[in-house]
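Residue-level structural notes
Take a look at the letters that make up each chain.
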Amino acid sequence: MVQEHTEKQLLIARPRGFCAGVDRAIAVVNVLLEKHGAPLYVRREIVHNRAVVEDFRARGVIFVEELDEVPDNEVVVFSAHGVSPAVREDARRRGLKVIDATCPLVTKVHQEIVQHARAGYRLVLIGHAGHDEVLGTMGEAPDRITLVTSVEDVAALDFPPDTPLAYATQTTLSVDETQDIVAALKKRFPRMLEPRRSDICYATQNRQDAVKALVNEGIGHLLVVGSRTSSNSRRLCEVAENLGVGASLIDSREDIDFERLAAIRLVGLTAGASAPEHLVQDVAACLGERGWSAREIITLDEDVNFSLPSELVG
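Everything numeric in this text was worked out from a predicted model, so none of it was measured. Along every chain, residues carry numbers that run from 1 in the direction the sequence is written. It should be noted that, the model being predicted, local features are given only for residues of pLDDT at least 70 and side-chain atom pairs only at 80 or more, the latter also being counted only at that level, while totals for whole chains, interfaces and linings use all residues. The side-chain figures draw on all heavy atoms in the structure; neither hydrogens nor water molecules are used.

1. Quick look at empty space enclosed by the protein
- For each structure, a 1 Å grid was placed over the protein atoms alone; sets of points admitting a 1.4 Å probe that cannot get out are labelled cavities, open sets with protein on both sides within 12 Å along at least five of seven lines are labelled pockets, and lining residues have an atom within 4 Å of a point. Grid points are joined across faces, edges and corners, and a volume is the space filled by probe spheres set on the points. Going through the model one piece at a time under the given rule, you end up with two cavities of 30 Å³ or more.
- Taken as a whole, the largest cavity encloses approximately 260 Å³ of empty space.
- Around the largest cavity, the lining is made up of 21 residues, and of these Cys 19, Val 22, His 81, Thr 172 and Asn 232 lie nearest the centre.
- Note on conventions: DSSP H or I runs of at least 4 residues are helices, E runs of at least 2 residues are strands, and numbering of each starts at the N terminus. Taken together, the elements giving at least two residues each to the lining of the largest cavity come down to α1 (20-36), α4 (104-118) and α9 (231-242).
- Here the term charged refers only to Asp, Glu, Lys and Arg, the term nonpolar to Ala, Val, Leu, Ile, Met, Phe, Trp, Tyr, Cys and Pro, and the term polar to all other amino acids, Gly among them. Classifying every residue of the lining of the largest cavity gives nine nonpolar, 11 polar and one charged.
- Approximately 30 Å³ is the volume found for the second largest cavity.
- Forming the boundary of the second largest cavity are Ile 126, Gly 127, His 128, Thr 149, Leu 173, Ser 174, Glu 177, Thr 178 and Ile 181.
- Top element by residues in the lining of the second largest cavity is helix α7 (residues 175-188). It accounts for three residues.
- By residue class, the composition of the lining of the second largest cavity is three nonpolar, five polar and one charged.

The structure is reproduced here in structure tokens:
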């Protein structure tokens with residue numbers, strides 16, 4: 001229900017920000033820095049957030065694109081997005097000590113891919129080309145997976161009749177967009193196997209639902225704290241835009257376009273699953289200085305936690 005307000009208000013979504021997988025990945029790096037010190041090598045960005053990466057880099061973390069940049073026999077952390085078996089084999093061959101910070105929900109998708117491929121299925125992965133998570137997932141069965149990113153891609157699929165098929169999805173996609181692609185897949189391939197539970201991360205869905213609640217409150221614009229490399233942050237902008245509300249993806253208060261907000265009385269604020277809470281609070285404080293009073297719109301309380309890798313426990 002849209003509410004009438006006379007003063008300028010900032011409606012802050014909850015849940016927002018860090019998910020359990022991001023919390024776990026960041027904790028992995030923090031524990032290793034405490035136990036082993038710097039330098040510490042991490043393959044790709046540990047999570048897709050500029051502030052998090054810059055903070056770790058300042059503390060001695062060396063982010064590498066590929067393992068050939070890591071000296072032999074060093075410790076290397078795999079990011080929350082997961083890696084392919086080829087990367088794992090390269091690490092084993094090089095004698096690298098791997099600490100795996102892959103989100104357990106991404107690991108679930110990898111396991112589904114492996115099981116279906118071993119059973120003789122061809123697989124369709126719904127996701128965005130080039131994303132670290134997609135690269136790792138497709139690496140589980142590269143000769144048996146086809147990537148689709150749209151309903152149009154589904155129409156172009158050309159599997160022989162009676163091909164056993166199954167699909168999986170990138171965990172950080174738009175729930176609504178993915179539903180359209182899944183519906184198109186089921187229409188073309190009625191016998192296609194689907195995941196027992198949705199592959200889309202609980203946090204991704206919860207944050208998208210919270211954005212919808214902000215739109216329902218009547219916001220005139222949405223600010224999403226998150227980096228452009230963050231798939232789930234970009235999807236939050238898309239959720240608002242698809243409902244007719246403009247959205248801006250910002251890394252920090254420095255990115256706020258106050259000219260755009262000047263005539264907007266009700267502004268929404270949320271954060272992607274890899275964005276730290278202190279950035280949200282800083283943005284809220286900045287808007288408060290400009291006259292927007294803040295209140296939370298709570299859709300649910302999350303209580304999900306993932307344990308650290310066994311090598312770091314104890």
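And the narrative resumes.
2. Side note on the packing of helix α8 (residues 202-216) against α9
- Axes here refer to lines fitted to C-alpha atoms; in helices the fit is confined to the stretch in contact. Angles between the N-to-C directions go from 0 to 180 degrees. Between α8 and α9, the shortest axis-to-axis distance is 9 Å and the interhelical angle comes to 30°. When the axis of α8 is compared with that of α9, the two are roughly parallel. With respect to the hand of their crossing, α8 and α9 are arranged in right-handed fashion. Listed contacts from α9 to Thr 204, Arg 207, Gln 208, Val 211, Lys 212 and Val 215 of α8 are Asn 232, Arg 235, Leu 236, Val 239 and Ala 240.
- Classifying every residue of the contact of α8 with α9 by side-chain character gives five nonpolar, three polar and three charged. Roughly parallel refers to an angle under 35 degrees, roughly antiparallel to one over 145, roughly perpendicular to one between 65 and 115, and oblique to any angle outside these ranges. For a crossing to be left-handed, the near helix must be turned anticlockwise from the far one by less than a right angle; the clockwise case is right-handed. Note on definitions: a residue-residue contact is assigned when non-hydrogen atoms from the two residues lie within 4.5 Å.

3. Quick look at the sheet that holds strand β10 (residues 246-250)
- The strand order β10-β9-β11-β1-β12 describes an open sheet built from five strands, whose pairing is parallel. Of all the strands in the sheet, the pair left with one neighbour each is β10 and β12 (293-298). Within this sheet the neighbouring strands show an average axis-to-axis angle of 25°, counted without direction.
- DSSP bridges decide pairing: two strands pair if at least two such bridges lie between them. Of the strand pairs in this sheet, strand β1 (residues 9-14) and β12 are connected by six bridges, and their pairing is parallel. Bridging across to β12, Arg 14 finds its partner in Ile 298.
- α8 contacts β1, β9 (221-225), β11 (266-271) and β12 of the sheet and is inclined by roughly 155° relative to β1.
- Of the strands in this sheet, β9, β10 and β11 touch α9, which is tilted by about 165° from β10.

4. A look at the nonpolar core
- Throughout this description, the term nonpolar core refers to a set of buried Ala, Val, Leu, Ile, Met, Phe, Trp, Tyr and Cys residues connected via side-chain atoms within 4.5 Å. Relative accessibility under 20% of the residue-type maximum defines a buried residue, over 50% an exposed one, and the middle range a partly exposed one, all with a 1.4 Å probe and only protein chains included. Core analysis: the biggest nonpolar cluster contains 27 residues, and Val 29, Leu 40, Ile 46, Val 47, Phe 56, Val 61 and Val 77 have the highest contact counts within it.
- Those elements giving two or more residues to this core turn out to be α1, β2 (40-43), α2 (50-58), β3 (61-64) and β4 (75-78).
- Counting residues per element, this core draws most heavily on α1, which supplies eight residues.
- Setting aside its immediate chain neighbours within four residues, Val 47 contacts Val 22, Ala 25, Ile 26, Val 52, Val 53, Ala 80, His 81 and Ser 274.
- Judged by nonpolar contacts, the second largest core, of 20 residues, contains Val 225, Ile 250, Leu 269 and Ala 284.

5. Focus: the sheet that holds β3
- Taken in spatial order, the four strands make up an open sheet running β3-β2-β4-β5, and their pairing is parallel. With partners counted over all chains shown, the strands left at the sheet margins are β3 and β5 (97-100), one partner each. The mean inter-strand angle of the sheet, taken between neighbouring strand axes irrespective of direction, is 30°.
- The pairing of β2 with β4 spans three bridges and is parallel.

6. Here's the deal with the state of the cysteines
- Our working definition of a disulfide is a cysteine sulfur pair at a distance within 2.5 Å. Following the criterion strictly, the structure yields zero disulfides and no others.
- In this structure Cys 19 is not part of a disulfide, and its nearest cysteine sulfur, from Cys 201, lies 5.1 Å away.
- For Cys 19, a relative accessible area of 8% gives the class buried.
- Cys 286 carries a free sulfur, and the closest cysteine sulfur to it, the one in Cys 237, is 18 Å from it.
- A residue is classified by how much of its surface remains accessible, and Cys 286, at 6% relative accessible area, is buried.

7. Here we look at the pairing of β11
- Across the six residues that make up β11, a large majority, six, are buried.
- Along β11, one buried face is formed by Leu 266, Gly 268 and Thr 270 and the opposite face, lined by Val 267, Leu 269 and Ala 271, is buried too.
- Of the strand pairs in this sheet, β1 and β11 are connected by four bridges, and their pairing is parallel. Opposite Ile 12, over in β11, you have Leu 269 as the bridge partner.

Any link to function would need more than the numbers given here.
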